[in-house]
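Results of the structural survey
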Amino acid sequence: MRDGSSTHPEPTSPETTIPGWRLILSDAGRLWASRERPFSQVATHAGAERTIDGDSLEALRAETDRQETFAREAEEQAARGQETPEAPASEEREQETREREMPEREQAGRVVS
């Protein structure tokens with residue numbers, strides 16, 4: 001709600017700024033933040049999330065800090081030549097599925113004479 005009865009400040013007010021992140025208040029009153037610039041490929045592959053949500057402005061700030069720290073640590077590890085943290089399990093399952101389905105897709109595209 002944006003009629004002044006909301007418990008959240010307007011997303012554009014100075015007390016709601018998080019540098020580098022665009023804040024959004026949904027029509028349902030949920031707070032969201034979307035990073036203005038994408039994370040690096042290394043950070044994204046490691047699992048850094050560009051769009052997040054929170055129950056309060058404090059929770060949103062904590063989550064943006066967590067994402068920035070995670071991304072920075074992944075980039076530092078990559079720069080040192082260390083492996084980055086493993087991708088979340090859901091991403092690993094998606095990758096396995098893509099790899100398993102690839103031969104089927106390649107076969108489907110072949111013309112049999």
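Owing to the predicted nature of the structure, the values given are computational and were not obtained by experimental measurement.

**Notes on the pattern of salt bridges**
Per the stated rule, a full pass over the model turns up 4 salt bridges. Between Arg 30 and Asp 55 there is a salt bridge, with its nearest N and O atoms 2.2 Å apart. Of this pair, Arg 30 sits in the loop between β1 (21-25) and β2 (31-35) while Asp 55 sits in the loop between β3 (51-54) and α2 (57-79); the two residues are 25 residues apart in sequence, bridging distant segments of the chain. For Glu 68, the salt bridge goes to Arg 35, with nearest N and O atoms at 2.7 Å. Residue Glu 68 is found in helix α2, and its partner Arg 35 is found in strand β2; the two are separated by 33 residues along the sequence. The class for Arg 35 is buried, based on a relative accessible area of 19%.

**What to know about the environment of Arg 37**
Considering the arrangement of structural elements, one finds Arg 37 in the loop between β2 and α1 (41-46). Sequence-wise, Arg 37 and Gly 20 are 17 residues apart; in three dimensions their C-alpha atoms are separated by 7.3 Å.

**Side note on the nonpolar core**
If you look at the biggest cluster of nonpolar residues, it comprises 13 residues, and the most contacted ones within it are Trp 21, Leu 23, Ala 33, Phe 39 and Leu 60. Only β1, β2 and α2 provide two or more residues apiece to this core. Setting aside chain neighbours within four positions, we find Phe 39 in contact with Trp 21, Thr 44, Ala 48, Glu 49, Arg 50, Gln 67, Glu 68 and Ala 71.

**Focus on the packing of aromatic side chains**
Within a pair of aromatic rings, the relevant descriptors are the distance that separates the centres and the angle that separates the planes. According to the stated counting rule, one finds 1 aromatic pair in the structure shown. Taking the centre distance of 6.2 Å and the plane angle of 65° together, the rings of Trp 21 and Phe 39 count as edge-to-face. You can see Trp 21 sitting in strand β1 and its partner Phe 39 sitting in the loop between β2 and α1, a full 18 residues away along the chain. The pair Trp 21 / Phe 39 is uniform in exposure class, with both members buried.

**With respect to the pairing of β2**
Counted residue by residue, β2 has 4 buried out of 5 residues, so it is predominantly covered. Connecting β1 to the antiparallel partner β2 that follows it, the hairpin turn spans 5 residues, and Gly 29 within it adopts a positive phi of roughly 90°. Bridge count between β2 and β3: 4 bridges; the pairing is antiparallel. The residue of β3 that forms the bridge with Trp 32 is Asp 53.

**Some words on the side chain of Glu 63**
One can find Glu 63 in helix α2. Look at Glu 63 and you get buried, because its relative accessible area is 19%. A polar side-chain atom of Glu 63 sits 3.0 Å from a polar atom in the side chain of Arg 66.

Calculation rules
The numbers attached to residues start from 1 for each chain and follow its sequence in the written order. Thresholds applied to this predicted model are a pLDDT of at least 70 for local features of residues and 80 or more for the giving and counting of side-chain atom pairs; totals over whole chains, interfaces and linings are not thresholded and use all residues. As a rule here, side-chain values come from all non-hydrogen atoms in the structure, and water together with hydrogens is ignored. Salt bridge, as applied in this entry: a Lys or Arg side-chain nitrogen positioned within 4 Å of an Asp or Glu carboxyl oxygen. Note on conventions: DSSP H or I runs of at least 4 residues are helices, E runs of at least 2 residues are strands, and numbering of each starts at the N terminus. The buried label applies to any residue whose accessible area, calculated with a 1.4 Å probe on protein chains only, is under 20% of its type's maximum; exposed applies above 50%, and partly exposed to all values in between. Residues enter a nonpolar core if they are buried and are Ala, Val, Leu, Ile, Met, Phe, Trp, Tyr or Cys, with the set joined through side-chain atoms within 4.5 Å. Note on contacts: a residue pair is in contact if any heavy atoms of the two residues lie within 4.5 Å. A pair of Phe, Tyr and Trp rings is counted when the ring centres sit within 6.5 Å of each other, with Trp represented by its six-membered ring. The angle between the planes then sorts it: under 30 degrees is stacked, over 60 is edge-to-face, the rest tilted. DSSP bridges decide pairing: two strands pair if at least two such bridges lie between them. Residues adjacent in sequence count toward polar contacts only when both atoms are side-chain atoms; beyond that, a polar contact is any pair of N or O atoms within 3.5 Å, and within protein one must be able to donate a hydrogen and the other to accept it.

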